[in-house]
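Given next are the chains, with one letter for each unit.
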Amino acid sequence: MTVETPLPAPLAEVVALFASSPPRDRLELLLDYSQQIPPLPDRFREHPERLEPVPECQSPLFVAAEVDDERRVHLFVEAAPEAPTTRGFAGIFHAGLDGLPADEVLSVPGDVTARLGLAEVVSPLRLRGATALLARIQRQVRGHLGDHT
Amino acid sequence: MPAPHDTDPKLSEYAHPEHLVTTAWLAEHLDDPGLVVVESDEDILLYETSHIPGAVKVDWHTELNDPITRDYVDGERFADLMRTKGIGRETTVVFYGDKSNWWAAYALWVFSLFGHADLRLLDGGRAKWEAEGRPMTTEAPSRPSAEYPVVRRDDSRIRAFRDDVLVHIGKPLVDVRSPDEFSGKLLHMANYPQEGALRGGHIPGAKSVPWARAANEDGTFKSRAELETLYAGEAGLSPADDVVVYCRIGERSSHTWFALTHLLGYEHVRNYDGSWTEWGNSVRVPIERDAEPAG
C-alpha cells in the first residue's frame, strides 16, 4: 500500500465522511454538498465572464479562485440546479478548500476524488470532471500567486 | 392489466403509438395500478432533487450494467431489480429522464432486451413535464415489491456487437453523434471530456444523422412525416432495411433506435452499444474520416 499524500484538514474531513459511509449514503452526501454552494457575490453575477468554464464536467460548471492579501484562497462556483452531481463535486471542493492558505490548496493531489469512494456509484467521466475542476482551481491559484510575486 | 393507450392525434400517426405517451396522458394515469413510472437520467442525483410523484429511479450506471464485465445485467439481476422497483412482467412502464430522454430511451432499450412487453416513453421527458408546471416531489415512493420471472436476455434482435458490425459494413449504418465526432475532429461531444477513444472518425459507410434531429426544441419527437423526410429521405433508409445505429456508448443511439423502431416501424434496427468507445479503441478495425481535423 502506498502512502497517501495528507490532505488539508477540512478536505480530509469531507473525504473521511464519504469513505466511512455506505455507498448508497454517499449519493445522499453528494446531494447535501450540491446544496451547500453559496450564491455568487454581485461582482461575479454581474460579470459571469470572470468565472472560468470547466468543460471537462458533463454539465456546465464555472469556477473562480481568488487569493487574498493573506494568501488565502476563496472559491466561487456556479453550476445549474439541474446538474446536481456536478454541483456536488463543486460543493465538496468549496467545503474542503475555501478559506485555506494557497499552499495547502496547491498540495491537494489530483487523485483525491478517487478517495471519496464514489467510483461505484458515479460514472468514471464524472470523476474525471471533478479532477479537472480541482486542476483548474489550482491553476488559477498558481496564476494569482504569480501576480503577487 | 396494462394501462390504456394514449390516443393523442400526434402519436396516432406513428407506426407503434402504444410506445409513447404525452405528459397530459401521464398526468391522468399516474395512479393507475398497473403502471410504474421510471426516471432514468444522465445526472444520477437529479431524481433525488425531485421527480414525478410515485416514479422510481433506475440508474443506468449501477443498476443496468454488470458491475464487472462491460455488459448489461443478466436475467437474474434484472428480475431482482424489477422486484425491488415494484415492476411485474405485465406492468406498463413509462420512462422519462433528462437530456431529451437519452437515458430514458437507453433504459427502455435495455428493458426491451428482456422482452418486457409494455414499455413507453414520455414524449418530451423531464424537461417538458417540468416546463408545464406539473407536480414534482422529493418524497420517496413506497411501492410494494412485485413478482418478476427470470427471463434470459435476448441480444440477437436489437443489439449489435463489434463483430456483427464488422460484417455489417456496406449495409445501412447510422452514426448519431455530433458532426465533429463523426468527422473525427472530436472524440466526444463538444464541452465534454475529450477522452474515451484513441481514434476519431466513424465506421466506414455510416450516415451521419445526429440524434437531436429527431427531436423538437422541447424534446418531443418530430412528427412522423418529418422523421420520414429525415431517415428515408436524407439518409436513404427504408423500413425493411437491416440497420445498425451507434454513438459513443449507445445512449444517444437508443433514442434513434426508438424513433426508427417504434415511431417509423423499422423492423430490423440494432443498437451497437459498444459504439465509438469500443470501435475507436479497437485494433485494426477500419475507420473513415471525412476530412483531416483542422489545426
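See the structure printed just above.
Here the residue numbers are simple positions, counted from 1 along each chain's written sequence. The lettering of chains begins at A and the numbering of ligands begins at 1, in the order of writing. Per-residue local features of the predicted model are confined to residues with pLDDT of at least 70, and side-chain atom pairs are confined, for both listing and counting, to 80 or more; whole-chain, interface and lining totals are unaffected and use all residues. The side-chain quantities take in all heavy atoms of the structure and omit both hydrogens and water.

**Focus: the overall build of chain A**
So, point 1. For chain A, the helix and strand inventory stands at six helices and three strands.
So, point 2. Listed by position from the N terminus, the elements making up chain A come as α-α-α-β-β-β-α-α-α.
So, point 3. Computed over its C-alpha atoms, the radius of gyration of chain A comes to 15 Å, within 12% of the 15 Å expected for a compact globule of 149 residues.
So, point 4. The C-alpha extent of chain A, read off along each of the three principal axes, is 45 × 35 × 20 Å.
So, point 5. Summary of the burial criterion: residues with accessible area below 20% of their type's maximum are buried, those above 50% are exposed, and those between are partly exposed, where the area comes from a 1.4 Å probe applied to protein chains only. Residue burial in chain A is summarised as follows: out of 149 residues, 50% are buried.
So, point 6. Long-range contacts, defined here as pairs at least 24 residues apart, represent 68% of the contacts in chain A between residues at least 6 apart.
So, point 7. Each accessible area value is a Shrake-Rupley result obtained with a 1.4 Å probe; residue values ignore everything except the protein chains displayed when judging cover. Carbon and sulfur atoms make up 55% of the accessible area of chain A, which amounts to about 7100 Å² in all.
So, point 8. Of note, chain A has its 14 positive side-chain charges centred 5 Å away from the centre of its 22 negative side-chain charges. Only runs of H or I of at least four residues qualify as helices and only runs of E of at least two qualify as strands under DSSP, and these elements are numbered from the N terminus. In this description the radius of gyration comes from C-alpha coordinates, and the expected globular size is given by 2.2 Å times residues to the power 0.38. Whether two residues are in contact is decided by their heavy atoms: any pair within 4.5 Å suffices. A positive count includes Lys and Arg, and a negative count includes Asp and Glu. His and the chain ends are not counted in either. One atom stands in for each charge, and that atom is NZ of Lys, CZ of Arg, CG of Asp or CD of Glu.

**Remarks on the overall build of chain B**
So, point 1. Along its length, chain B carries eleven helices and ten strands.
So, point 2. Radius of gyration (C-alpha) of chain B: 19 Å, near the 19 Å computed for a compact globule of 295 residues.
So, point 3. With the C-alpha coordinates aligned to their principal axes, the bounding extent of chain B is approximately 55 × 45 × 35 Å.
So, point 4. Buried positions account for 57% of the 295 residues belonging to chain B.
So, point 5. Counting only contacts in chain B whose residues sit at least 6 apart along the sequence, the fraction spanning at least 24 positions is 75%.
So, point 6. Carbon and sulfur atoms form 50% of the exposed surface of chain B, whose accessible area is close to 12100 Å².
So, point 7. Side-chain charges of chain B comprise 31 positive and 49 negative groups, with the mean position of each set lying 5 Å from the other.

**Quick notes on helix α9 (residues 224-234) of chain B**
In an α-helix there are 3.6 residues to a turn, and that puts residues three or four apart on one side.
All names here are of chain B.
So, point 1. Within the sequence span of α9, burial applies to Leu 227, Leu 230 and Tyr 231. Down the axis of α9, the buried side of the element spans an arc of 75°, and every buried residue falls inside it.
So, point 2. The secondary structure elements touched by the buried residues of α9 are α10 (252-263).
So, point 3. Immediately beyond the C-terminal end of α9, within one or two residues, lies Gly 236, with a positive phi of roughly 70°. What the arc describes is the spread of directions from the helix axis to the C-beta atoms.

**Notes on the packing of aromatic side chains**
Residues and elements named next belong to chain B.
So, point 1. Ring geometry is summarised as follows: Phe, Tyr and Trp rings, the Trp one being its six-membered ring, pair when their centres sit within 6.5 Å, and such pairs are stacked at plane angles under 30 degrees, edge-to-face over 60 and tilted between the two. A complete count under the given rule lists 16 aromatic pairs over all chains for this structure.
So, point 2. With 3.9 Å between their ring centres and 5° between their planes, Phe 78 and Phe 114 make a pair best called stacked. In this pair, Phe 78 sits in helix α4 (residues 75-85) while Phe 114 sits in the loop between α5 (102-113) and β5 (119-122), placing the two residues 36 residues apart along the sequence.
So, point 3. Judged by relative accessible area, which is 1%, Phe 78 ranks as buried.
So, point 4. Its relative accessible area of 1% is what places Phe 114 among the buried residues.
So, point 5. Each member of the aromatic cluster is reached from another via a ring pair, and the members are Trp 60, Tyr 72, Trp 103, Tyr 106 and Trp 109.
So, point 6. Both a distance and an angle decide whether a charge sits over a ring: NZ of Lys or CZ of Arg must be within 6 Å of the ring centre and within 35 degrees of the ring normal. One residue, Arg 134, lies across the ring of Trp 129, its end atom 5.7 Å from the ring centre.

**Side note on the packing of helix α1 (residues 9-19) of chain A against helix α2 (residues 23-34) of chain A**
Residue and element names in this part refer to chain A.
So, point 1. Geometry is summarised by axes, namely lines fitted to C-alpha atoms with helices restricted to the contacting stretch, and by angles between N-to-C directions that run from 0 to 180 degrees. Two elements in contact, α1 and α2, have axes whose closest approach is 9 Å; the angle formed by their N-to-C orientations is 145°. Between α1 and α2, the contacting residues are Val 14, Leu 17, Phe 18 and Ala 19 on the first element and Arg 26, Leu 29, Leu 30 and Tyr 33 on the second.
So, point 2. Residues are grouped as follows: nonpolar covers Ala, Val, Leu, Ile, Met, Phe, Trp, Tyr, Cys and Pro; charged covers Asp, Glu, Lys and Arg; every other residue, Gly included, is treated as polar. Residues that form the contact of α1 with α2 fall into these classes: seven nonpolar, no polar and one charged.

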